[in-house]
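Below are the chains, spelled out letter by letter.
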Amino acid sequence: MELKVVIPHPIKDEVMPLSEMGSIFVSLRNQGGAGKLLGELLAKLSQEKGSKWVADKWDQSRLPLNDIIDPERENIDKIAKEYHLEFLIGDYNSAKSSSSDELSLQQIHEQLKRLMKENTFDEISSWITENVGSRVKDPKFIRTLMTAILETSIVPFNETWKLNEHIFSNLQLLIHRFVDTDEVLELQCLYAIQAHMTKIEFPCGILRNIINKLSGDNIISSDAFLAWQKGEDPAEHEGHSVAIMTLTAFFISLQEAEDSSSVEDGPSNIIQVLQITLFEITENAVRISNIVIMYPFVSDNLLLFSGFYIVP
């Protein structure tokens, strides 16, 4: 196993300080390999712990860069630029304060996908906190986060797609952590799901499984789901009608629960329980059979009917 692969782990886990690498770097200096090792080591740590964390550890190490890298054999500026380690040659405080802003949403997206395949929830959360900073509540970031979760947990399978529910269950905790019941951000998650499902052409069952999981585990609120159903944002029309139609049963059940929770308990009130046992979706209508409306406190009032409900 290569040295650059083994070394980051004790440093990342803070078992070994970066300063103890000094003797290794010095031994490679005359061979012209110290700069490359330093660059790859710090770049690897930046991916896993964040640029600001690495900048802190580098500053604490007090390692003299000129003693590590032989300028006649390696170009320090080139190494810093190639591995995105400008803090090695620039102002340390400036590098720390601007490191998160240097990452575009596309860069964050790519890093998140890599982290989600290799790292724990705590490590991913730490990386986001360190590198995204104040943008964690930006709807664009939340959308990027949700998309990365989908791309990691939905995998190719027999010429179509399959949801890895175990991976999704673990990664959805990131939504709970960073969305934190903000309905605006929850809605962005749902639009991100809609966009990704449209992109992969709504493979059978996946959207339903995702939505049931997010709802059942209380990751996304009922209010956000109902706002999504209304589809009032003209910029989000693509794929919206297909997504909502696919989830007809889910929204009927959700609305039923909302209606039930709005009725107070008591003998003077009428409690309605809707039992939907069969429905068929056509282009313009939904057939609903066996709708039973029961009034528990007025036994004489029991209505049973079947018919058509025409979708506007």
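First, a word on scope: everything that follows refers to the structure included in this document. (Residues numbered from 1 in each chain as written. Predicted model: local features only at pLDDT ≥ 70, side-chain atom pairs only at ≥ 80, totals over all residues. Heavy atoms only, no water.)

Here's the deal with the overall build of the chain
Okay, so step 1: Each helix and strand in the chain was counted, giving 17 helices and five strands.
Okay, so step 2: Within the span of the chain, comprising 312 residues, buried residues form 41% of the whole.
Okay, so step 3: Within the chain, contacts between residues at least 6 apart in sequence are counted, and of these 64% link residues at least 24 apart.
Okay, so step 4: Only carbon and sulfur atoms are counted for the fraction: they give 51% of the accessible area of the chain, which is about 17600 Å². (Helix = DSSP H or I, 4+ residues; strand = E, 2+ residues; numbered from the N terminus. Buried < 20%, exposed > 50% of the residue type's maximum accessible area, 1.4 Å probe, protein only. Contact = heavy atoms within 4.5 Å. Areas by Shrake-Rupley, 256 points an atom, 1.4 Å probe, with all protein chains shown as cover.)

Quick look at the pattern of salt bridges
Okay, so step 1: Using the criterion set out here, one finds seven salt bridges in the structure.
Okay, so step 2: Put simply, R73 and D70 hold a salt bridge, and the shortest N to O gap is 3.4 Å.
Okay, so step 3: Residue R73 is classed as exposed on the basis of its relative accessible area, which comes to 52%.
Okay, so step 4: Judged by its relative accessible area of 11%, D70 is buried.
Okay, so step 5: One salt bridge connects K213 with D217, and the closest N-O pair in it is separated by 3.3 Å.
Okay, so step 6: Judged by its relative accessible area of 29%, K213 falls in the partly exposed class.
Okay, so step 7: Through salt bridges with shared partners, a single ionic network connects E110, K113 and E151. (Salt bridge = Lys/Arg side-chain N within 4 Å of Asp/Glu carboxyl O.)

Some thoughts on the nonpolar core
Okay, so step 1: Counting residues in each nonpolar core, the largest one holds 51 residues, and the members touching the most others are L112, I128, L145, I193, I210, F225 and W228.
Okay, so step 2: Residues within four places of L145 in sequence aside, it is in contact with L112, M116, I128, L174, I175 and F178.
Okay, so step 3: Counting residues in hydrophobic clusters, the runner-up holds 26 residues, among them L18, L42, I79 and Y83. (Core = buried A, V, L, I, M, F, W, Y, C linked by side-chain atoms within 4.5 Å.)

What to know about unusual backbone geometry
Okay, so step 1: For D180, which is not glycine, the phi torsion reads 55° and is therefore positive.
Okay, so step 2: For D180, the position within the fold is in the loop between α12 (165-179) and α13 (183-199).
Okay, so step 3: Phi at E201 takes a positive value of approximately 65°, unusual for a residue other than glycine.
Okay, so step 4: Judged by its relative accessible area of 67%, E201 is exposed.

Considerations on empty space enclosed by the protein
Okay, so step 1: For the structure shown, the criterion picks out one cavity of 30 Å³ or more.
Okay, so step 2: There is about 30 Å³ of room inside the largest cavity.
Okay, so step 3: Taken together, I175, H176, V179, D180, T181, E186, N218 and I219 make up the full set of residues lining the largest cavity.
Okay, so step 4: Looking at which element gives the most residues to the lining of the largest cavity, the answer is α12, with three residues. (1 Å grid on protein atoms, 1.4 Å probe; cavity = no way out; pocket = protein on both sides within 12 Å on 5 of 7 lines; lining within 4 Å. Points joined across faces, edges and corners; volume = space filled by probe spheres on them.)

Quick word on helix α4 (residues 34-49)
Okay, so step 1: With 16 residues, α4 extends 22 Å between its outermost C-alpha atoms, agreeing within 8% with the 22 Å of an ideal straight helix rising 1.5 Å per residue.
Okay, so step 2: Taken across its 16 residues, α4 has 12 buried, putting it largely inside the fold.
Okay, so step 3: Listed as buried for α4 are A34, G35, L37, L38, G39, E40, L41, L42, A43, L45, S46 and E48. (Expected span 1.5 Å × (residues − 1).)

Some details on the packing of aromatic side chains
Okay, so step 1: A full pass over the atoms with the stated rule returns three aromatic pairs.
Okay, so step 2: With a centroid separation of 5.2 Å and an interplanar angle of 75°, the aromatic rings of F250 and F251 are classed as edge-to-face.
Okay, so step 3: Given the relative accessible area of 12%, F250 is considered buried.
Okay, so step 4: When its relative accessible area of 3% is taken as the criterion, F251 is described as buried.
Okay, so step 5: If you follow R177 out to its NZ or CZ, it ends over the ring of F178, 4.5 Å from the centre. (Phe/Tyr/Trp six-rings, centres within 6.5 Å; stacked < 30°, edge-to-face > 60°. Lys NZ or Arg CZ within 6 Å of the ring centre and 35° of its normal.)

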